[in-house]
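Descriptive structure summary
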Amino acid sequence: QVQLVESGGGLVQAGGSLRLSCVASGRTFSKYAMGWFRQAPGKDRELVAGITWTGTSTYYADSVKGRFTISRDNANNTVTLQMKSLKPEDTAVYYCAVPEVPFGQSQGPYDYWGQGTQVTVSS
């Protein structure tokens, strides 16, 4: 059973930084892409960043390019999202995600999500 547990969310002022982490369990994820989604109130869930199983290819939504960095540690089944220069519009619940099928692309598709961690950016 795939389990994804996110941590690191919180309240930060605009311009600040946060680091989100996700620990995955239930299988060995070293051969799977991993990603981060977010969902703001009243909006659809969107893919923010993704990384291939090798870590050599990444995807970023245009809205976060240059500010967010995704990385992974296959030895510990973790994926991290470093967020800098945060804006109020980054406020959302952030979800870690993994696909059902290995060796996928950084853009997905993704099939499993964690419970999420709240990120709130004040102006």
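Let me begin by describing the structure that accompanies this report. (Residues numbered from 1 in each chain as written. Predicted model: local features only at pLDDT ≥ 70, side-chain atom pairs only at ≥ 80, totals over all residues. Heavy atoms only, no water.)

1. Some thoughts on the packing of aromatic side chains
Following the criterion strictly, the structure yields four aromatic pairs and no others. Above the ring of Tyr 95, the side-chain terminus of Arg 45 is found at 3.9 Å from the ring centroid. (Phe/Tyr/Trp six-rings, centres within 6.5 Å; stacked < 30°, edge-to-face > 60°. Lys NZ or Arg CZ within 6 Å of the ring centre and 35° of its normal.)

2. What to know about the nonpolar core
Nonpolar side chains tend toward joint burial in soluble globular proteins. One finds Trp 36, Phe 68, Ile 70, Val 79, Leu 81, Met 83 and Tyr 94 to be the most contacted residues of the largest nonpolar core, which totals 30 residues. Residue assignment for this core shows that the elements contributing at least two residues are β3 (18-25), β4 (34-39), β5 (46-51), β7 (68-73), β8 (78-83), β9 (92-98) and β11 (117-122). (Core = buried A, V, L, I, M, F, W, Y, C linked by side-chain atoms within 4.5 Å. Buried < 20%, exposed > 50% of the residue type's maximum accessible area, 1.4 Å probe, protein only. Helix = DSSP H or I, 4+ residues; strand = E, 2+ residues; numbered from the N terminus.)

3. Comments concerning the state of the cysteines
By definition, a disulfide links two cysteine residues through a covalent bond between their sulfur atoms. As enumerated under the stated definition, the model contains one disulfide in all. The partner cysteine of Cys 22 in its disulfide is Cys 96, sulfur to sulfur 2.2 Å. Judged by the sign of its S-S torsion, about -75°, the cystine formed by Cys 22 and Cys 96 is left-handed. Of this pair, Cys 22 sits in strand β3 while Cys 96 is found in strand β9, placing the two residues 74 residues apart along the sequence. (Disulfide = S-S within 2.5 Å.)

4. Some words on the pattern of salt bridges
Once their charged atoms are close, side chains differing in charge can pair, the charge on each being opposite to the other. Going through the model one piece at a time under the given rule, you end up with five salt bridges. Here Arg 38 ties to Asp 90 by a salt bridge, and the two come within 2.9 Å at their closest N and O atoms. Taken as a pair, Arg 38 in strand β4 and Asp 90 in the loop between β8 and β9 lie far apart in primary sequence, 52 residues in all. Asp 90 gets classed as buried once you look at its relative accessible area, which sits at 0%. Across the salt bridge formed by Lys 65 and Asp 62, the nearest N and O atoms sit 3.1 Å from each other. Connected through shared salt-bridge partners, Arg 38, Glu 46, Arg 67 and Asp 90 make up one network. (Salt bridge = Lys/Arg side-chain N within 4 Å of Asp/Glu carboxyl O.)

5. Looking at the side chain of Ser 30
Tracing the backbone shows Ser 30 in the loop between β3 and β4. Since its relative accessible area comes to 18%, Ser 30 is described here as buried. The residues touching Ser 30, leaving out its near neighbours within four places in the chain, are Trp 53, Arg 72, Asn 74 and Asn 77. (Contact = heavy atoms within 4.5 Å.)

6. Section: the sheet that holds strand β1 (residues 3-7)
Judged by pairing direction, the sheet is antiparallel, and its four strands sit side by side in the order β1-β3-β8-β7 without closing on themselves. Single-partner strands in this sheet number two, and they are β1 and β7. Neighbour to neighbour, the strand axes of the sheet diverge by 15° on average, direction disregarded. Sheet topology note: the β1/β3 ladder contains five bridges and is antiparallel. Following the sheet pairing, Ser 7 is matched in β3 by Ser 21. (Pairing = 2+ DSSP bridges. Axes fitted to C-alpha atoms, helices over the stretch in contact; angles between N-to-C directions.)

7. Overview of unusual backbone geometry
A cis amide bond links Gly 108 to the next residue, Pro 109, at an omega of 15°. Note on placement: Pro 109 falls in the loop between β9 and β10 (112-113). One non-glycine residue with positive phi stands out, namely Asn 77, at about 55°. Along the chain, the position of Asn 77 falls in the loop between β7 and β8. Residue Asn 77 is classed as buried on the basis of its relative accessible area, which comes to 14%.

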